[in-house]
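The chain contents come next:
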Amino acid sequence: MDITRSISDLRRRVAEWRAAGERVGLVPTMGALHAGHMALAAAARKNCRRTVASIFVNPKQFGPREDFSTYPRPEADDLAKLTEAGTDLAFIPTVEEMYPEGFATTISVTGPSEGLCGAHRPGHFDGVATIVAKLLIQASPDAAFFGEKDYQQLMVVRRMVRDLNLPVEIIGVPTVREPDGLALSSRNVYLSLEERGLAPHLHRALREAAAAIAAGTAPGTVLQRAIAELNALGVRVEYLELCDAASLAPLAATPTAPARLLAAVHLGRTRLIDNLAVATT
Ligand code: AMP
C-alpha cells in the first residue's frame, strides 16, 4: 500500500488508474479503524479494481466542546489494517493540506441535515459536506463508500452528490455491530466498563421500537416508551425519532414507505448514535 499526504499526489495516482480504465473506490474515514471501517474497505475492494482510503480527523465537523483534540489517532495500526484489507493508497493529509490559510468555502446541505444530529451539533454537517465534497472532487473516485451507522451523514452526502451532479456512485454499507448489538464506533473506547455494559440497550431499544411500529402501535407511544426506558437505565436520550428513510422528515403515523428510527444517547461523557430500518407493509 502506498501512503501520501499530498492532494497533488492523490490526484496523480488516481488519474493513472483511471487512464488505464480501472474503477476506483474511495473510503473516507477519520481513522481509529475498526471492523466497521474494514467492512467499507472490503466492499470497496469487491466493487472496484483500485481503492483509496482517506484518514483525516476533520476539525470542521467537531463543535468547540467536542473531542477533536482527544479523538484517537493510532496511525500505525490504521495503516496495518488498511494494508491487510488490500487498500492500494492511503491518503492522510494534514489539516493545512486540506484547509490552507485563508480557506473560506463551506458546502451547506439543507433538508436531510436539519433535524436529528444536525439540530444538536450546529455546523457538523457543513463540516462533513465540505470535507466530503473536497475528497470526492480531489480523489474523483467512481464510487465512494459510507456506513449506514452514520445514516444521516449518508443521506446528506447522497443529497449533496445529487444536487451538485458529482459523477460518483455513493454506496451505503450496513452497520457492523458487536455480538451484543452495540454498533462499532471509534468512540466506544471512551466508555467505562459500566457504560459499556449499558451501551447495548440503545440497539435493543431500537429493535423493540422498530418491531412495535411495524406491528402497528402508534409511533408516538412507542417512542415515548423507549425514551423513558432508556433514560431510566441511565442511557440519556438526546433524540429518538422515526423518520422517512430518504428525506429524514419526521413521521408521526405508522409508516407506509421506507422509514428509519434514529437515535443519539449520552453515556457519561460519550455520545453514541445508532439507527435501524423499520419494516413497512
Ligand atoms: P468515521 O471514521 O467515524 O468518520 O467513519 C468513517 C466511515 O465508516 C463512515 O462512513 C462511517 O459511517 C463508517 N462506519 C463507522 N462505524 C461503522 C460501523 N459500525 N459499521 C459500518 N460502517 C461504519
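Refer to the preceding data block for the structure.
Residues numbered from 1 in each chain as written. Predicted model: local features only at pLDDT ≥ 70, side-chain atom pairs only at ≥ 80, totals over all residues. Heavy atoms only, no water.

### Some points on the overall build of the chain
Then comes step 1: Of regular secondary structure, the chain possesses 10 helices and 9 strands.
Then comes step 2: Against the compact-globule benchmark of 19 Å for 281 residues, the chain has a radius of gyration of 19 Å, which places it among compact chains.
Then comes step 3: Seen through its principal axes, the chain has C-alpha atoms that stretch 55 × 40 × 40 Å.
Then comes step 4: The buried share among the 281 residues of the chain stands at 51%.
Then comes step 5: For the chain, long-range pairs separated by at least 24 residues make up 73% of all intrachain contacts whose partners lie at least 6 apart in sequence.
Then comes step 6: With an accessible surface of roughly 12900 Å², the chain has 53% of that area assigned to carbon and sulfur atoms.
Then comes step 7: Measuring between centres, the 30 positive side-chain charges of the chain sit 2 Å from its 31 negative side-chain charges. (Helix = DSSP H or I, 4+ residues; strand = E, 2+ residues; numbered from the N terminus. Rg over C-alpha atoms; globule rule 2.2 N^0.38 Å. Buried < 20%, exposed > 50% of the residue type's maximum accessible area, 1.4 Å probe, protein only. Contact = heavy atoms within 4.5 Å. Areas by Shrake-Rupley, 256 points an atom, 1.4 Å probe, with all protein chains shown as cover. Lys, Arg positive; Asp, Glu negative; His and termini not counted. Charge placed at Lys NZ, Arg CZ, Asp CG, Glu CD.)

### Examining the sheet that holds strand E3 (residues 50-55)
Then comes step 1: With respect to topology, 6 strands assemble into an open sheet ordered E1-E4-E3-E2-E5-E6, the strand pairing being parallel. The open sheet terminates on both sides in strands that have one partner only, identified here as strand E1 (2-4) and strand E6 (169-173). Direction aside, the axes of adjacent strands within the sheet are offset by 25° on average.
Then comes step 2: Pairing analysis gives 6 bridges linking strand E2 (residues 24-29) to E3, with the strands arranged parallel. Within E3, the residue paired with Val-27 across the bridge is Ala-53. (Pairing = 2+ DSSP bridges. Axes fitted to C-alpha atoms, helices over the stretch in contact; angles between N-to-C directions.)

### Structural notes on the nonpolar core
Nonpolar side chains tend to gather and get buried jointly when the protein is soluble and globular.
Then comes step 1: Val-52, Met-98, Val-132, Leu-136, Met-160 and Ile-170 are the most contacted members of the largest nonpolar core, which totals 43 residues.
Then comes step 2: The element that contributes the greatest number of residues to this core is helix H6 (residues 124-139), accounting for 9 residues.
Then comes step 3: The residues contacting Val-52, other than those within four sequence positions of it, are Leu-10, Val-14, Trp-17, Val-24, Gly-25, Leu-26, Val-27, Thr-87, Leu-89 and Phe-91.
Then comes step 4: Grouped together as the second largest cluster of nonpolar side chains are 26 residues, Leu-182, Ile-213, Ala-259 and Leu-272 included. (Core = buried A, V, L, I, M, F, W, Y, C linked by side-chain atoms within 4.5 Å.)

### Regarding the pairing of strand E8 (residues 259-267)
Moving residue by residue along a regular strand, the side chains alternate between the two faces of the sheet.
Then comes step 1: Along E8, 8 of the 9 residues are buried, which leaves the element largely enclosed by surrounding structure.
Then comes step 2: Looking at chain direction, strand E7 (residues 236-244) and E8 are connected through 8 bridges and run antiparallel. Following the sheet pairing, Cys-243 is matched in E8 by Arg-260.
Then comes step 3: As defined by bridge partners, E8 adjoins strand E9 (residues 270-278) across 9 bridges and the pair is classed as antiparallel. Paired with Leu-262 across the bridge in E9 is Asn-275.
Then comes step 4: In this antiparallel pair of consecutive strands, E8 and E9, the connection spans 2 residues, and Gly-268 shows a positive phi of 60°.

### As for the site of the ligand
Then comes step 1: Contacts to the ligand come from 17 residues, most closely from His-37, Gly-147, Asp-150, Val-176 and Leu-184.
Then comes step 2: Asp-150 places a polar side-chain atom, nitrogen or oxygen, 2.6 Å from an oxygen atom of the ligand.
Then comes step 3: For the ligand, a nitrogen atom lies 2.8 Å from a polar atom in the backbone of Val-176.
Then comes step 4: Protein contacts shield 93% of the accessible area of the ligand, which totals 490 Å² for the unbound molecule.
Then comes step 5: Secondary structure elements with two or more residues in the shell around the ligand: E2, helix H2 (35-47) and strand E5 (143-147).
Then comes step 6: Looking at which element gives the most residues to the shell around the ligand, the answer is H2, with 3 residues.
Then comes step 7: Classifying every residue of the shell around the ligand gives 8 nonpolar, 7 polar and 2 charged. (Near = heavy atom within 4 Å. Polar contact = N/O pair within 3.5 Å; in protein donor to acceptor, adjacent residues only side chain to side chain. Nonpolar A, V, L, I, M, F, W, Y, C, P; charged D, E, K, R; others polar.)

### Structural notes on the packing of helix H1 (residues 7-19) against H6
Then comes step 1: In the contact formed by H1 and H6, the axes pass within 8 Å of each other and the chain directions differ by 50°. The angle between H1 and H6 places the two elements in the oblique class. Of the residues in H6, those touching H1 at Ile-7, Leu-10, Arg-11 and Val-14 are Lys-134, Gln-138 and Ala-139.
Then comes step 2: By residue class, the composition of the contact of H1 with H6 is 4 nonpolar, 1 polar and 2 charged. (Parallel < 35°, antiparallel > 145°, perpendicular 65-115°, else oblique.)

### Describing unusual backbone geometry
Then comes step 1: With a phi close to 55°, Ala-32 is a non-glycine residue in the positive phi region.
Then comes step 2: Accessibility expressed as a relative area gives 11% for Ala-32, which makes it buried.
Then comes step 3: Of note, the phi angle at Leu-116 is positive, near 50°, even though the residue is not glycine.
Then comes step 4: Examined against the element boundaries, Leu-116 turns out to sit in helix H5 (residues 116-120).

### Focus on the sheet that holds E8
Then comes step 1: Overall, antiparallel pairing links the 3 strands, which are arranged E7-E8-E9 in an open sheet. Strands with a single pairing partner mark the edges of an open sheet, and in this sheet they are E7 and E9. The average undirected angle you get between the axes of adjacent strands in this sheet is 15°.
Then comes step 2: Along the sheet, helix H10 (residues 219-233) contacts E7 and E8; its crossing angle with E7, the most-contacted strand, is approximately 160°.

### Notes on the packing of helix H9 (residues 200-214) against H10
Any two packed helices are characterised by how steeply their axes cross, that is the angle between the axes, and by the distance between the axes.
Then comes step 1: The geometry of H9 relative to H10 is characterised by a closest axis approach of 10 Å and an angle of 160° between their N-to-C directions. Here H9 lies roughly antiparallel to H10, going by the angle between them. In this structure, H9 crosses over H10, and the sense of that crossing is right-handed. Together, His-201, Leu-202, Arg-204, Ala-205, Glu-208, Ala-209, Ala-212 and Ile-213 of H9 and Pro-219, Val-222, Glu-229, Leu-230 and Leu-233 of H10 make up the contact between the two elements.
Then comes step 2: Its residues assigned to classes, the contact of H9 with H10 comprises 9 nonpolar, 1 polar and 3 charged. (Left-handed = near helix turned anticlockwise from the far one by under 90°.)

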